Amino acid sequence: MTTNTNRNGNSNSNSPGFDIRRIGGRIGAEITGVDLAADLEPALVTEINSALLEHKALVFRDQQLDDAGQLRFAALFGELTTAHPTVPSVDGQPNILPVNGDEGIRANRWHTDVTFVRTPPKASTLRSIVVPPYGGNTLIANTAAAYQDLPELLRELADKLWAVHTNDYDYAAPKNDRAAEHRRQFVSRKYRTAHPLVRVHPESGERGLFIGGFAQSIVGLGPSDSRDLLRLFQSYVTRPENIVRVAWTPGDLVLFDNRITQHYAPDDYGDLPRLLHRVTVAGDVPVGIDGTLSHTLEGDDATHYTPAAA
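About the cut-offs
- Residues numbered from 1 in each chain as written.
- Predicted model: local features only at pLDDT ≥ 70, side-chain atom pairs only at ≥ 80, totals over all residues.
- Heavy atoms only, no water.
- UniProt positions renumbered as here; feature names shortened; annotations may be inferred.
- Pairing = 2+ DSSP bridges.
- Helix = DSSP H or I, 4+ residues; strand = E, 2+ residues; numbered from the N terminus.
- Axes fitted to C-alpha atoms, helices over the stretch in contact; angles between N-to-C directions.
- Phe/Tyr/Trp six-rings, centres within 6.5 Å; stacked < 30°, edge-to-face > 60°.
- Buried < 20%, exposed > 50% of the residue type's maximum accessible area, 1.4 Å probe, protein only.
- Lys NZ or Arg CZ within 6 Å of the ring centre and 35° of its normal.
- Polar contact = N/O pair within 3.5 Å; in protein donor to acceptor, adjacent residues only side chain to side chain.
- Contact = heavy atoms within 4.5 Å.
- Salt bridge = Lys/Arg side-chain N within 4 Å of Asp/Glu carboxyl O.
- Parallel < 35°, antiparallel > 145°, perpendicular 65-115°, else oblique.
- Left-handed = near helix turned anticlockwise from the far one by under 90°.
- Nonpolar A, V, L, I, M, F, W, Y, C, P; charged D, E, K, R; others polar.
- pLDDT = per-residue confidence, 0-100.

- The name that an unreviewed UniProt entry assigns to the chain is TauD/TfdA family dioxygenase, with the source organism given as Streptomyces siderophoricus.
- As its UniProt record puts it under Sequence similarities (unreviewed entry), the chain is described as follows: "Belongs to the TfdA dioxygenase family."
- In UniProt, the chain has this text filed under Cofactor (unreviewed entry): "Fe(2+)".

**What to know about the sheet that holds strand S12 (residues 215–218)**
Now for step 1: The strand order across the open sheet built from 4 strands is S12-S8-S9-S17, with neighbouring strands paired in antiparallel fashion. Whereas interior strands pair on both sides, the edge strands pair on one side only; in this sheet they are S12 and strand S17 (295–298). Each strand of the sheet is rotated relative to its neighbour by a mean of 35°, with strand direction disregarded.

**Details of the sheet that holds strand S13 (residues 243–246)**
Hydrogen bonds between backbone groups are what pair the strands of a sheet, and the pairing can be parallel or antiparallel.
Now for step 1: One open sheet accounts for 3 strands, arranged S13-S7-S15; its pairing is antiparallel. Either end of the sheet is taken by a strand with one partner, and the two such strands are S13 and strand S15 (261–264). Taken pair by pair, the neighbouring strands of this sheet meet at an average axis angle of 20°, ignoring direction.
Now for step 2: The sheet contact formed by strand S7 (residues 138–142) and S15 spans 4 bridges and is antiparallel. Each residue of the ladder has a partner; that of Asn 142, found in S15, is Thr 261.

**A short note on the packing of aromatic side chains**
Now for step 1: By the definition in use, this model includes 8 aromatic pairs.
Now for step 2: Aromatic side chains Phe 116 and Tyr 191 sit 5.8 Å apart centroid to centroid with 35° between the ring planes, which places their arrangement in the tilted category. In this pair, Phe 116 sits in the loop between strand S5 (97–100) and strand S6 (123–130) while Tyr 191 sits in the loop between helix H5 (177–186) and strand S9 (192–196), placing the two residues 75 residues apart along the sequence.
Now for step 3: Look at Phe 116 and you get buried, because its relative accessible area is 0%.
Now for step 4: A relative accessible area of 2% places Tyr 191 in the buried class.
Now for step 5: Ring plane angle 80° and centroid distance 5.0 Å describe the contact between Phe 116 and Phe 214, whose orientation is recorded as edge-to-face. One end of the pair, Phe 116, is in the loop between S5 and S6; the other, Phe 214, is in the loop between strand S11 (207–209) and S12, with 98 residues separating them in the sequence. An identical accessibility class is assigned to Phe 116 and Phe 214; each is buried.
Now for step 6: Every member of this aromatic cluster is reached through a ring pair, and the members are Phe 116, Tyr 169, Phe 186, Tyr 191 and Phe 214.
Now for step 7: Seen from the ring of Phe 210, Arg 199 lies directly overhead, with NZ or CZ sitting 5.0 Å from the centre.

**Considerations on the side chain of Asp 149**
Now for step 1: Relative to the helices and strands, Asp 149 resides in helix H3 (residues 143–149).
Now for step 2: Within the structure, the side chain of Asp 149 is placed 3.2 Å from the side chain of Asn 242, a separation counted as a polar contact.

**Examining the environment of Asp 159**
Now for step 1: Take Asp 159: it is sitting in helix H4 (residues 152–160).
Now for step 2: Aside from chain neighbours lying at most four places away, what touches Asp 159 is Tyr 147, Val 198, Arg 207 and Ile 289.
Now for step 3: Looking at Asp 159, its side chain comes within polar contact range of the side chain of Tyr 147, at 2.7 Å.

**Digging into the pattern of salt bridges**
Pairing between side chains becomes possible if they bear opposite charge and their charged atoms approach one another.
Now for step 1: Inspection of the entire model under this criterion finds 15 salt bridges.
Now for step 2: Between Asp 149 and Arg 26 there is a salt bridge, with its nearest N and O atoms 2.8 Å apart. Here Asp 149 is found in helix H3, whereas its partner Arg 26 is found in the loop between strand S2 (18–22) and strand S3 (29–32), with 123 residues between them in sequence.
Now for step 3: The partly exposed category is assigned to Arg 26, whose relative accessible area is 21%.
Now for step 4: Note that Glu 206 is salt-bridged to Lys 56, the shortest N-O span being 3.2 Å. Of the two residues, Glu 206 sits in the loop between strand S10 (198–200) and S11 while Lys 56 sits in the loop between helix H1 (42–55) and strand S4 (57–60), which places them 150 residues apart along the sequence.
Now for step 5: Looking at Glu 206, the relative accessible area reads 27%, which means it is partly exposed.
Now for step 6: Members of the salt-bridge network, linked through shared partners, are Arg 21, Glu 30, Arg 61 and Asp 252.

**Examining the packing of H4 against helix H6 (residues 223–237)**
Now for step 1: Between H4 and H6, the shortest axis-to-axis distance is 12 Å and the interhelical angle comes to 120°. Viewed along their axes, H4 and H6 adopt a mutual orientation that is oblique. Remark: the crossing between H4 and H6 carries left-handed chirality. Residues Leu 154, Leu 157 and Ala 158 of H4 form the contact with H6, whose participating residues are Leu 229, Leu 232, Phe 233 and Tyr 236.
Now for step 2: Here the contact of H4 with H6 is built from residues that sort into 7 nonpolar, no polar and no charged.

**Details of the confidence of the model for the chain**
Now for step 1: Averaged over the chain, the pLDDT score is 91; the fraction of residues at 70 or greater is 91%.
Now for step 2: Low pLDDT, under 50, characterises residues 1–15; the predicted model gives this stretch 36 contacts beyond four residues in sequence or across chains.

Here's what the structure looks like:
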């Protein structure tokens, strides 16, 4: 069985198929003793999923997977999405999104993947292919811990609020022509979706702040009040104690629960190359604490992107 550690629990634990070493106080663990290129038994996959629910982000070092291996591993946790609703995939690999910092396209903004559609991914896998000799880390935050950190009055307010998530908002000016083209592709289909500010996790039942960079306004409030409230709640997500920093080496794979985390890639490696491949697992419709489901405000149903939309 996986460990039942809490915020103050032990740093090491054992499972029948692998070892777990906690790497953050509130989020993150390294998994050792698993070869992701091998055929994994269903019981082992169940154990990994349990570890994911507990630790939110799992790091598998030096796996040396190829694209096929990453796809095969991600598919153990559910049907896959295509690479992205609007951005092109890796050539010949419709389910793989290239995360290529060498093209001036850098996700240095806290976000949860693809929350601008009604059914965002359940989980994301990132595999390192080219990493810079310094910088280029990925930060991942525990949004359930952030919710628990809120004072009671703020929790009560958050429980009542809904946020509008969209892929069409004011980004920083593109650094070059490639980045400008990426921006045009990113908003080639416009999406606006209303999600509960507090999402109930469908497996663990935990409550987490479901916001991030795509959350641009609060339902029923104007732009100024929306920005102020979103900044306030986001500040709890990005407290240092709620974050784990993953320093990449080539061949690493990170699996994180997209339903209860945010992530950020600092732009701190200059003109050095950095290339990751992302594969995401299809998710369900977010649910608020009163059982109300997220709903689309603008855009298509995204069935071209995720089977969950059907």
